[in-house]
Amino acid sequence: MSYIIVKMSVVIDGEVPQIFDMGLLGKYDPNKVKNSAIRMLKEKYPNSRIAPVILNYKQVTYEEYQQVKGSNPQWLGNSD
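Let me sum up the structure you'll find in this document.

Rules behind the numbers
- Residues numbered from 1 in each chain as written.
- Predicted model: local features only at pLDDT ≥ 70, side-chain atom pairs only at ≥ 80, totals over all residues.
- Heavy atoms only, no water.
- Helix = DSSP H or I, 4+ residues; strand = E, 2+ residues; numbered from the N terminus.
- Buried < 20%, exposed > 50% of the residue type's maximum accessible area, 1.4 Å probe, protein only.
- Salt bridge = Lys/Arg side-chain N within 4 Å of Asp/Glu carboxyl O.
- Pairing = 2+ DSSP bridges.
- Axes fitted to C-alpha atoms, helices over the stretch in contact; angles between N-to-C directions.
- Contact = heavy atoms within 4.5 Å.
- Polar contact = N/O pair within 3.5 Å; in protein donor to acceptor, adjacent residues only side chain to side chain.
- Core = buried A, V, L, I, M, F, W, Y, C linked by side-chain atoms within 4.5 Å.

### Remarks on the overall build of the chain
Thinking step 1. Helices and strands together make up the secondary structure of the chain, namely two helices and three strands.
Thinking step 2. Along the chain, helices (α) and strands (β) appear in the sequence β-β-α-β-α when read from the amino end.
Thinking step 3. For the chain, with 80 residues in total, the buried portion stands at 31%.

See below:
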């Protein structure tokens with residue numbers, strides 16, 4: 001199983017871009033990554049225009065993947 005972390009920049013309604021990391025399993029597909037980010041953000045911002053841009057991605061260990069997967073990203077309205 002491949003563990004991948006994708007660093008993305010997301011613009012919501014033309015505001016300042018927000019940077020976040022997203023974890024995924026399996027084969028890297030940029031279109032699926034962008035669509036997944038849009039789906040997640042549409043739950044929080046249903047009537048917003050969302051523009052995700054992939055900055056980079058890398059294959060990581062399981063431990064690194066869990067760190068990203070278990071985080072509370074600020075772009076979902078959470079604070080650490």
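### Observations regarding the pattern of salt bridges
Thinking step 1. Summed over the entire model, instances satisfying the criterion amount to one salt bridge.
Thinking step 2. Across the pair Asp21 and Lys7 runs a salt bridge, and its minimum N-O distance is 3.1 Å. Taken together, the residues span a long stretch of sequence, with Asp21 in strand β2 (residues 18-25) and Lys7 in strand β1 (residues 3-12) at a distance of 14 residues.
Thinking step 3. Judged by its relative accessible area of 29%, Lys7 falls in the partly exposed class.

### Things to note about the sheet that holds β2
Thinking step 1. An order of β2-β1-β3 is seen for the three strands of this open sheet, with the pairing classed as antiparallel. Either end of the sheet is taken by a strand with one partner, and the two such strands are β2 and β3 (50-60). When the angles between neighbouring strand axes are averaged without regard to direction, this sheet yields 25°.
Thinking step 2. Alignment of β1 against β2, held across eight bridges, turns out to be antiparallel. By the bridge assignment for β2, Ile4 is matched with Leu24.
Thinking step 3. On top of the sheet, helix α1 (residues 30-44) reaches β1, β2 and β3; it is set at about 125° to β3, its chief contact.

### Describing the environment of Glu64
Thinking step 1. If you trace the backbone, Glu64 turns up in helix α2 (residues 62-69).
Thinking step 2. Measuring from C-alpha to C-alpha, the distance between Glu64 and Ile5 comes to 8.5 Å, with 59 residues separating the pair along the chain.
Thinking step 3. Within the structure, Glu64 has its side chain in polar contact with the backbone nitrogen of Thr61 (distance 3.0 Å).

### Points about the nonpolar core
Thinking step 1. Membership of the largest hydrophobic core comes to 14 residues, with the highest contact counts inside it found for Val6, Met8 and Val33.
Thinking step 2. Counting only elements with at least two residues in this core, the list comes to β1, β2, α1 and β3.
Thinking step 3. Take this core: its biggest share by element is five residues, from β1.
Thinking step 4. Contact partners of Val6, with chain neighbours within four places excluded, come to Phe20, Asp21, Met22, Leu24, Tyr28, Val33, Ile54, Asn56 and Tyr57.

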